[in-house]
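Chain by chain, the residues:
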Amino acid sequence: SQANFEEESQKQTAVGHWTTLMPSEGSKEEPETGCQDAGGADQTQSTEQLNVSRLRSSSVEIREKGSEFLKEELHKAQKELKLKDKECERLSKVREQLEQELEELTASLFEEAHKMVREANTKQAASEKQLKEARGKIDMLQAEVTALKTLVITSTPSSPNRELHPQLQSPSKAVFRKGHGRNKSTSSAMVSAASQNVTPEPVSHERKEVDSILFAEFQAWKESPTLDKSCSFLDRIYREDVGPCLNFTKQELSELVRVAVEQNTLTIEPVASQTVPVVQVSAEERGGPKKCALSGLPRTCKHRIMLGDSGNYYYISPSCRARITAVCNFFTYIRYIQQGLVRQDVEPMYWEVMRLRREMSLAKLGFYPSEM
């Protein structure tokens, strides 16, 4: 161990220890000892001088290297400072550019905000004006709807009100009017209809049963009423009733009549005596008081029709008039349903549609009331 090693070292030192003996008087060795001491002192002095010179040279070298290192560090610091100055200059330009863009953006936003406020004020004023107009129209439409409801009750296709439908009047009671004579619903006419007494329809004792297929088609149409004949409900009626009922001998004129009925632009008016036609078509095309323009047969024509606003009149026989009137009554009723003017359950509306279909079937077979 370390302790044993130190003890052994101390013992060896003690064994090899030399004691200095005092020289005897008169000994000759004393001068030699003095010479040796002088020579050792010179040698020590020269060694010290050598060490001092070495220290001086090393310090000078250290100063030179330190100076070079400091110069390099200073040069590096100057370069970094220049780079930082350039970066500060660049950031200053970026800040100025951002401040300018921010000012421009703020100005544009304020301008846009003022513009939007002006537009909003203008739209608000226009909306208020439209609201006032709409309220006025709503009041007028409510009055018309009320009158139309009364019209539906007082004038049904089965028992039409002849005061509201001049085209159904007999020639002796009807007054011929020159020009477009299609009966249009107006508020005054409907209000007058509301004031008339309601004549109850005769009670029917016939039995009837709902056809499930026809009722399902009508119920599906009632959920979203439309006049598009592609739906199953109207497609069936077109194929079974409307098409055959408006299929006359003169095919081209028949097609024009069908389109006018669908567009609600057909006019039927009684023929007045001593009336000169105001048409430019030939007599063969328009028929005459003794010839029907649709069937081409010699018949006594008490009514004539006009398609739209063309000004061309065509004379029709009572049978043709009954067929056209039956189809017009059907379209009038389904238009009332589409517009929401018929407030009834689904089943009463279904039976009214079936009754109108029966009228079309009878008319296309040649049955019509005697007053036609």
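Residues numbered from 1 in each chain as written. Predicted model: local features only at pLDDT ≥ 70, side-chain atom pairs only at ≥ 80, totals over all residues. Heavy atoms only, no water.

## As for the overall build of the chain
Inclusion rule: Where helices and strands are cited, they refer to DSSP runs of H or I of at least four residues and of E of at least two residues respectively, numbered from the N terminus. Burial classes follow relative accessibility: with a 1.4 Å probe on protein chains only, a residue under 20% of its type's maximum area counts as buried, one over 50% as exposed, and anything between as partly exposed. Here, residues are in contact when the closest pair of their heavy atoms is within 4.5 Å.
Helix and strand counts for the chain stand at nine helices and three strands. Element order for the chain, N to C, with α for helix and β for strand: α-α-α-α-α-α-β-α-β-β-α-α. Taking all 372 residues of the chain together, 26% fall into the buried category. If you take every contact in the chain between residues at least 6 apart in sequence, the share linking residues at least 24 apart comes to 71%.

## What to know about the nonpolar core
Just so we agree on the cut-off: Among buried residues, the Ala, Val, Leu, Ile, Met, Phe, Trp, Tyr and Cys ones that are joined through side-chain atoms within 4.5 Å form a nonpolar core.
In this structure, L294, I305, I324 and F330 are the most contacted members of the largest nonpolar core, which totals 50 residues. Counting residues per element, the ones that place at least two in this core are helix 4 (212–223), helix 5 (232–245), helix 6 (251–262), strand 1 (266–270), strand 2 (303–307), strand 3 (313–316), helix 8 (318–338) and helix 9 (346–364). Considering every element that reaches this core, the biggest residue donor is helix 8, with 10 residues.

## Concerning the packing of helix 8 against helix 9
Stated precisely, the cut-off is as follows: Comment: axis = line fitted to C-alpha atoms, over the contacting stretch for helices; angle = value between 0 and 180 degrees taken between N-to-C directions. Here roughly perpendicular refers to angles of 65 to 115 degrees, roughly parallel to angles under 35, roughly antiparallel to angles over 145, and oblique to all remaining angles. A crossing counts as left-handed when the near helix is turned anticlockwise from the far one by less than a right angle, and as right-handed when that turn is clockwise.
Viewed as axis vectors pointing N to C, helix 8 and helix 9 meet at an angle of 165°, and their least axial separation amounts to 8 Å. What the angle tells us is that helix 8 and helix 9 run roughly antiparallel. The two elements helix 8 and helix 9 meet at a crossing, and its hand is left-handed. Across from A322, R323, A326, V327, N329, F330, Y333 and I337 in helix 8, the residues of helix 9 making contact are M349, E352, V353, L356, E359, M360, A363 and K364.

## Points about the packing of helix 4 against helix 5
Note the following rule: Gly is placed with the polar residues, together with every amino acid not listed as nonpolar (Ala, Val, Leu, Ile, Met, Phe, Trp, Tyr, Cys and Pro) or charged (Asp, Glu, Lys and Arg).
Packing of helix 4 against helix 5 brings their axes to within 8 Å, and their N-to-C directions diverge by 125°. Here helix 4 is positioned oblique relative to helix 5, judged by the angle of their axes. Mapping the contact onto sequence places I213, L214, E217, F218 and W221 in helix 4 and S232, F233, L234 and R236 in helix 5. In terms of residue class, the contact of helix 4 with helix 5 is made up of six nonpolar, one polar and two charged.

## Considering the sheet that holds strand 3
Inclusion rule: Strand pairing follows a simple DSSP-based rule, namely that at least 2 bridges must link the two strands.
With respect to topology, three strands assemble into an open sheet ordered 1-2-3, the strand pairing being antiparallel. Taken across any chain shown, the strands that pair with only one partner, and hence form the sheet edges, are strand 1 and strand 3. Strand-to-strand, the axes of this sheet are offset by a mean angle of 30°, without reference to chain direction. Note: strand 1 against strand 2, five bridges, orientation antiparallel. The residue bridging I268 from the neighbouring strand is I305, located in strand 2. In this fold helix 6 packs onto strand 1, strand 2 and strand 3, with an angle of close to 75° to the strand it touches most, strand 2. Along the sheet, helix 8 makes contact with strand 1, strand 2 and strand 3, crossing strand 1 at roughly 135°.

## Comments concerning a nonpolar patch on the surface
Here is the rule: By definition, no residue in a patch forms a salt bridge, and every one has over 30% relative accessible area; like charges are joined within 9 Å, nonpolar side chains (Val, Leu, Ile, Met, Phe, Trp, Tyr) within 5 Å. Surface accessibility follows the Shrake-Rupley procedure with a 1.4 Å probe radius. Residue values consider only the protein chains on display as shielding. A pair is scored as a salt bridge if a Lys or Arg side-chain nitrogen falls within 4 Å of a carboxyl oxygen belonging to Asp or Glu.
Taken together, the side chains of L362, L365 and F367 make up a nonpolar region of the molecular surface, amounting to roughly 330 Å² of accessible area. The exposure class assigned to L365 is exposed, which follows from its relative accessible area of 62%.

## Observations regarding a negative patch on the surface
Spelled out, the test is: A positive count includes Lys and Arg, and a negative count includes Asp and Glu. His and the chain ends are not counted in either. Each charge is placed at NZ for Lys, CZ for Arg, CG for Asp and CD for Glu.
Where like charges cluster on the molecular surface, the negative patch consists of E64, E68, E72, E73 and E80. Following the sequence through the fold, E68 ends up in helix 2 (residues 30–154).

## Concerning the pairing of strand 3
Residues of strand 3 alternate between two faces, with Y313 and Y315 on one and Y314 and I316 on the opposite face, all of them buried. Sheet topology note: the strand 2/strand 3 ladder contains four bridges and is antiparallel. Bridge pairing in strand 3 places R304 opposite Y315. Counting the residues between successive antiparallel strands, the hairpin from strand 2 to strand 3 contains five residues, one of them, G308, with a positive phi of roughly 70°.

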